[in-house]
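Chains, contacts and geometry: an overview
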Amino acid sequence: MKQQIDLATWNRREHFTFFSSFDEPFFGLVAPVECTRAQAEAKRLGVSFFLYYLYHSVQAANQIPEFRYRIEDGHVYCYDRVHASATIGRPDHTFGFSFIEQHDSLEEFVAAAKAEVAAVQASTGLRLSETTARPDVLHCSALPWVRFSGLTHARSFSHPDSCPKISYGQTYQENGATWMPVSVNVHHGLADGYHVGQFLAAFQERLA
């Protein structure tokens with residue numbers, strides 16, 4: 001379900017109009033999150049760390065209304081909930097797109113994610129479809145082999161897009177704790193640095 005935002009009374013009306021006219025309306029940043037306890041908890045539960053932090057990332061994003069805003073045919077909508085469209089790697093070093101539904105429980109999310117991961121790894125190509133291209137998703141990707149400090153995305157400026165893009169990097173040790181870089185890119189007409197900060201704080205709280 002989604003609710004249309006009344007642009008006439010929306011306090012971001014001018015921000016939306018201004019940034020929507022840009023060739024590149026997205027902005028992004030990279031910040032570390034501390035994940036020592038999260039890694040240990042994933043191991044205790046027998047869950048892959050990727051699926052564990054992906055679950056908490058999706059849950060955190062759903063806490064922030066601005067991460068649920070989408071632009072469709074010039075109108076802004078707020079979805080009741082958003083899901084994950086994550087890139088899933090294969091043994092041949094290609095990847096495919098997935099759709100992983102948001103679930104309130106970790107167990108249900110992991111079960112759905114495992115089925116989708118298996119489907120991707122048994123397929124070839126990108127798996128582009130109406131499902132993986134739904135607007136009510138977060139575009140997620142993991143680069144566990146790179147401790148990145150910056151990240152850009154391939155984008156077609158002619159293709160309308162307003163989905164947040166969240167990437168997770170290689171974990172590393174520092175000051176006795178485990179850290180992970182997280183890249184967040186959002187449409188500036190829908191969200192600002194404040195909202196990205198809210199997401200990162202909510203994600204960090206869940207990991208801790």
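Refer to the structure printed above.
Small disclaimer: the values here were computed from a predicted structure and weren't measured.

1. As for the overall build of the chain
- Summing up its helical and strand segments, the chain has five helices and ten strands in all.
- For the chain, whose C-alpha radius of gyration is 17 Å, the value lies close to the compact-globule estimate of 17 Å for 208 residues.
- Along the three orthogonal principal directions, the C-alpha set of the chain runs to about 50 × 40 × 30 Å.
- Counting every position in the chain, which comprises 208 residues, the buried fraction comes to 47%.
- Taking contacts inside the chain between residues at least 6 apart in sequence as the whole, the part at least 24 apart equals 71%.
- Total accessible area on the chain stands at roughly 10700 Å², and carbon and sulfur atoms take up 53% of it.
- Averaging the coordinates of the 17 positive side-chain charges in the chain and doing the same for the 22 negative ones gives two points 5 Å apart.

2. Some words on the pairing of strand S7 (residues 137-142)
- Summarising the sheet, strand S5 (residues 83-89) and S7 pair through four bridges and their orientation is parallel. Looking across to S7, one finds that Ala-86 is bridged to Cys-140.

3. Focus on unusual backbone geometry
- In this structure, Asp-73 is a non-glycine residue whose phi angle is positive, near 55°.
- The residue Asp-73 is located in the loop between strand S3 (69-72) and strand S4 (75-79) in this model.
- Here Asp-73 falls in the exposed class, since its relative accessible area comes to 79%.
- Positive phi is not limited to glycine here, since Asn-175 has a value of about 55°.
- Inspection of the secondary structure assignment puts Asn-175 in the loop between strand S9 (172-174) and strand S10 (177-187).
- The class for Asn-175 is exposed, based on a relative accessible area of 77%.

Thresholds applied
- Residues numbered from 1 in each chain as written.
- Predicted model: local features only at pLDDT ≥ 70, side-chain atom pairs only at ≥ 80, totals over all residues.
- Heavy atoms only, no water.
- Helix = DSSP H or I, 4+ residues; strand = E, 2+ residues; numbered from the N terminus.
- Rg over C-alpha atoms; globule rule 2.2 N^0.38 Å.
- Buried < 20%, exposed > 50% of the residue type's maximum accessible area, 1.4 Å probe, protein only.
- Contact = heavy atoms within 4.5 Å.
- Areas by Shrake-Rupley, 256 points an atom, 1.4 Å probe, with all protein chains shown as cover.
- Lys, Arg positive; Asp, Glu negative; His and termini not counted.
- Charge placed at Lys NZ, Arg CZ, Asp CG, Glu CD.
- Pairing = 2+ DSSP bridges.

Purely geometric stuff here, so don't read any function into it on its own.
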